[in-house]
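Structure assessment
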Amino acid sequence: MKDIIVQPATGKLGILMPGMGAVATTFVAGVLASRKGIAQPTGSLTQTANIRLGKRTENRNPKIKDFVPLANLDDLVFGGWDVYADSMYDAAVNAGVLERGLIEQVKDELELIRPMKAVFDKRYVKNLDGTNVKTGATKQDLVDALIDDIDNFKIANDCERLVMVWCGSTEIYHEAKEVHASLENFEAGLLNNDPDIAPSMMYAYAALKSNVPFAMGAPNLCLDIPALEELAKITETPIAGKDFKTGQTLMKTIVAPGLRARALGVRGWFSTNILGNRDGLVLDAPENFKTKEVSKGNVLDGILDARINPELYGDIHHKVRIEYYPPLGDNKEGWDNIDIFGWLGYQMQIKINFLCRDSILAAPIVLDLALFMDLAKRSQFSGIQEWLSFYWKAPQTLPELEPIHDIFKQLEKLENTLRYIMGEELITNLGMDYYEDVDAEVEL
């Protein structure tokens with residue numbers, strides 16, 4: 001097994017967030033509340049989950065945070081950009097996710113966090129009107145301003161290291177063009193104001209030029225272009241994405257593997273969501289919804305693979321709908337109707353009604369990604385971090401690799417990567433050594 005030297009997590013870790021709305025404020029308020037002991041960081045693997053080490057008979061099951069050298073919650077510093085100038089306190093109140101009583105207990109800290117001016121292009125988010133935005137003659141000028149922001153934040157907050165996690169809106173659907181095909185083309189496009197370079201790509205470029213790991217929380221075309229993958233390798237910086245796995249898609253990645261495991265067929269899967277937050281407003285534009293639709297749709301195709309098993313999954317009718325319904329606010333209701341068939345073709349149905357809170361499910365993902373991306377950087381990992389697929393609807397992989405969508409396989413990959421980093425034996429769950437004299441090499 002390769003020896004990995006992990007640099008210690010000394011000093012402060014700055015977490016920069018493009019987009020400081022419901023998800024970001026829920027995340028930051030939650031970390032602050034956890035520091036004060038007035039709430040628990042439930043849902044965060046880095047803070048609450050255990051990991052098995054060695055054989056089952058050894059009974060070694062430490063907390064992940066006690067097994068790998070992660071940054072401590074007390075050492076986290078927060079900042080970012082937003083198209084609105086509200087402090088994090090005002091943004092948290094306006095988001096309406098957390099109870100006012102909890103927000104008031106961390107008010108002083110939240111009021112001190114104010115967004116820097118954002119890079120914004122209304123063509124990419126049609127239903128928002130940004131006012132707290134940067135101006136520049138070229139996109140290169142805007143990128144330079146972002147790099148200055150990154151440098152100034154690190155100095156002002158005395159940070160040893162930085163990570164960046166996109167918590168902003170879903171951009172319109174668009175496909176990779178020639179400007180995305182290489183770093184040379186991309187950098188020429190910045191100077192020429194190429195319209196196919198989206199704001200999220202400029203944030204990612206600025207982060208990578210600053211050696212700051214970047215995680216993409218929306219389904220935007222961003223990190224998954226050759227230009228930025230090339231830059232990540234050149235700067236030896238980790239990247240990961242895309243689209244936080246919350247709500248309905250989380251349920252799909254839990255239920256679908258179970259159906260496949262029992263070799264039950266699926267004829268149809270109808271999913272609809274209603275939500276009323278800023279994300280819902282953005283997705284009310286068809287161009288933005290398509291970006292989300294593609295991301296959500298690929299999950300089911302990746303688990304129930306018709307190419308491998310056409311008799312069970314070759315004729316699935318999969319439909320996804322998202323409706324903007326303001327009365328719900330950040331609360332979201334997702335309905336799933338699943339038409340399945342079993343022995344002798346007899347039909348059955350599964351109905352799921354998930355009343356969830358998107359930002360509550362996303363906040364621990366932001367925390368885990370920030371800490372794990374920092375760990376990856378300190379472990380000398382660079383480029384695509386497929387081992388973090390657990391957190392994404394559309395995991396980024398090398399072009400020749402199909403992404404893994406099964407959440408249980410994703411968790412196994414994540415845990416084995418942590419064992420690998422720390423020089424522990426990987427776990428295959430073969431288990432024959434308990435019953436027979438087996439000494440076999442098993443490839444994961």
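Residues numbered from 1 in each chain as written. Predicted model: local features only at pLDDT ≥ 70, side-chain atom pairs only at ≥ 80, totals over all residues. Heavy atoms only, no water.

So, the sheet that holds strand β8 (residues 317–324)
The test is simple: Should DSSP find at least two bridges between two strands, the strands are taken to pair. Secondary structure elements are taken from DSSP: a helix is a run of H or I of four residues or more, a strand is a run of E of two residues or more, and numbering for both begins at the N terminus. Only the contacting stretch of a helix is used when fitting its axis, a line to C-alpha atoms as for every element, and angles between N-to-C directions run 0 to 180 degrees. Whether two residues touch is decided by their heavy atoms; if any such pair falls within 4.5 Å, the residues are in contact.
In spatial order, the strands read β8-β7-β9-β10; together these four strands make up an open sheet with mixed pairing. On the outer flanks of this sheet lie β8 and β10 (347–357), each paired with one strand and no other. When the angles between neighbouring strand axes are averaged without regard to direction, this sheet yields 10°. Looking at chain direction, strand β7 (residues 265–275) and β8 are connected through eight bridges and run parallel. Opposite W269, over in β8, you have H318 as the bridge partner. Packed on one face of the sheet, helix α15 (residues 358–378) meets β9 (331–341) and β10 and runs near 80° to β10.

Side note on the packing of helix α11 (residues 247–261) against helix α16 (residues 407–421)
Our working definition: Convention used here: angles under 35 degrees read as roughly parallel, angles over 145 as roughly antiparallel, angles from 65 to 115 as roughly perpendicular, and any remaining angle as oblique. Under the grouping applied here, Gly and all other residues not named as nonpolar or charged are polar, the nonpolar ones being Ala, Val, Leu, Ile, Met, Phe, Trp, Tyr, Cys and Pro and the charged ones Asp, Glu, Lys and Arg.
For the pair α11 and α16, the least separation of the axes is 8 Å and the interaxial angle reads 105°. One element, α11, and the other, α16, form an angle in the roughly perpendicular class. From α11, L250, T253, I254, P257 and R260 reach across to α16, where they touch I407, F408 and K409. Taken together, the residues of the contact of α11 with α16 sort by class into five nonpolar, one polar and two charged.

Observations concerning the side chain of K245
How we decide: Between buried and exposed lies partly exposed: a residue is buried under 20% and exposed over 50% of the maximum accessible area for its type, with that area taken using a 1.4 Å probe on protein chains only. Under the convention used here, Asp and Glu are negative, Lys and Arg are positive, and both His and the chain ends fall outside the count. By convention in these notes, a salt bridge is any Lys or Arg side-chain nitrogen within 4 Å of a carboxyl oxygen on Asp or Glu.
Structurally, K245 is set in the loop between β6 (238–241) and α11. Among buried charged residues, K245 stands out as having no salt bridge; its nearest opposite-charge side chain is D406, 7.9 Å away. If we ignore the near neighbours within four places in the chain, the residues touching K245 are L250, T253, I365, S389, F390, Y391, W392, K393, H405, I407 and Q410.

So, the sheet that holds strand β2 (residues 76–82)
The strand order across the open sheet formed by seven strands is β3-β2-β1-β4-β5-β6-β11, and the pairing between neighbours is parallel. Only two strands of the sheet have a single neighbouring strand rather than two, namely β3 (116–117) and β11 (383–384). One ladder, built from six bridges, connects strand β1 (residues 12–18) with β2; its direction is parallel. From the neighbouring strand, L16 faces β2, where its bridge partner is G79.

Remarks on the environment of Y346
Residue position: Y346 is located in the loop between β9 and β10. Classification of Y346 by relative accessible area gives exposed; the value is 60%. Each C-alpha atom, one on Y346 and one on R321, is 28 Å from the other, the two residues being 25 residues apart in sequence.

Some thoughts on the environment of P195
Mapped onto the secondary structure, P195 falls in the loop between α8 (183–191) and α9 (199–209). For P195, a relative accessible area of 43% translates into the label partly exposed. For the pair formed by P195 and A22, sequence separation is 173 residues and the distance between their alpha carbons is 28 Å. Residues in contact with P195, not counting those within four places in the same chain, are R123, Y124 and K139.

Describing α11
Just so we agree on the cut-off: To estimate how far a helix should extend, the number of its residues minus one is multiplied by 1.5 Å.
Between its first and last C-alpha atoms α11 spans 22 Å; for 15 residues at 1.5 Å apiece the expected length is 21 Å, and the two agree. Among the residues of α11, those classed as buried are G247, Q248, T249, L250, K252, T253, V255, A256, P257 and L259. Trailing α11 by a residue or two, A263 shows a phi angle of about 55°, which is positive.

Some details on a negative patch on the surface
Quick reminder of the rule: To count toward a patch, a residue needs a relative accessible area over 30% and no salt bridge; like charges are then connected within 9 Å, while nonpolar side chains (Val, Leu, Ile, Met, Phe, Trp, Tyr) are connected within 5 Å. Residue exposure ignores everything except the shown protein chains as possible cover, and the areas themselves are Shrake-Rupley values with a 1.4 Å probe. To locate a charge, the coordinates of NZ of Lys, CZ of Arg, CG of Asp or CD of Glu are taken.
Together, D86, D90, D108 and E111 give the surface a local cluster of negative charge. With respect to the secondary-structure elements, E111 resides in helix α6 (residues 107–111). Accessibility expressed as a relative area gives 33% for E111, which makes it partly exposed.

Quick look at the side chain of H174
Mapped onto the secondary structure, H174 falls in the loop between β4 (159–165) and α8. Beyond its immediate sequence surroundings of up to four residues, H174 is in contact with Y124, H180, D196, A198, M201 and L221.

Quick look at the packing of α9 against helix α10 (residues 226–234)
As a reminder, the rule being used: Helix crossings are classified by the rotation of the near helix relative to the far one: an anticlockwise turn of less than a right angle makes the crossing left-handed, while a clockwise turn makes it right-handed.
Between α9 and α10, the least distance of the axes is 9 Å, while the angle of their chain directions is 15°. Compared by their axis directions, α9 and α10 come out roughly parallel. The hand of the α9/α10 crossing is left-handed. Touching M201, A204, Y205, L208 and K209 of α9 are L228, L231 and A232, all from α10. A class-by-class count of the residues in the contact of α9 with α10 yields seven nonpolar, no polar and one charged.

Some words on unusual backbone geometry
Omega for the peptide link from G241 to K242 comes to 0°, which places this bond in the cis form. Along the chain, K242 turns up in the loop between β6 and α11. With phi around 60°, N211 is a residue other than glycine that occupies positive phi space. Positionally, N211 belongs in the loop between α9 and β5 (214–216). In this structure, L344 takes a positive phi of about 65° despite not being glycine. Mapped onto the elements of the fold, L344 is located in the loop between β9 and β10.

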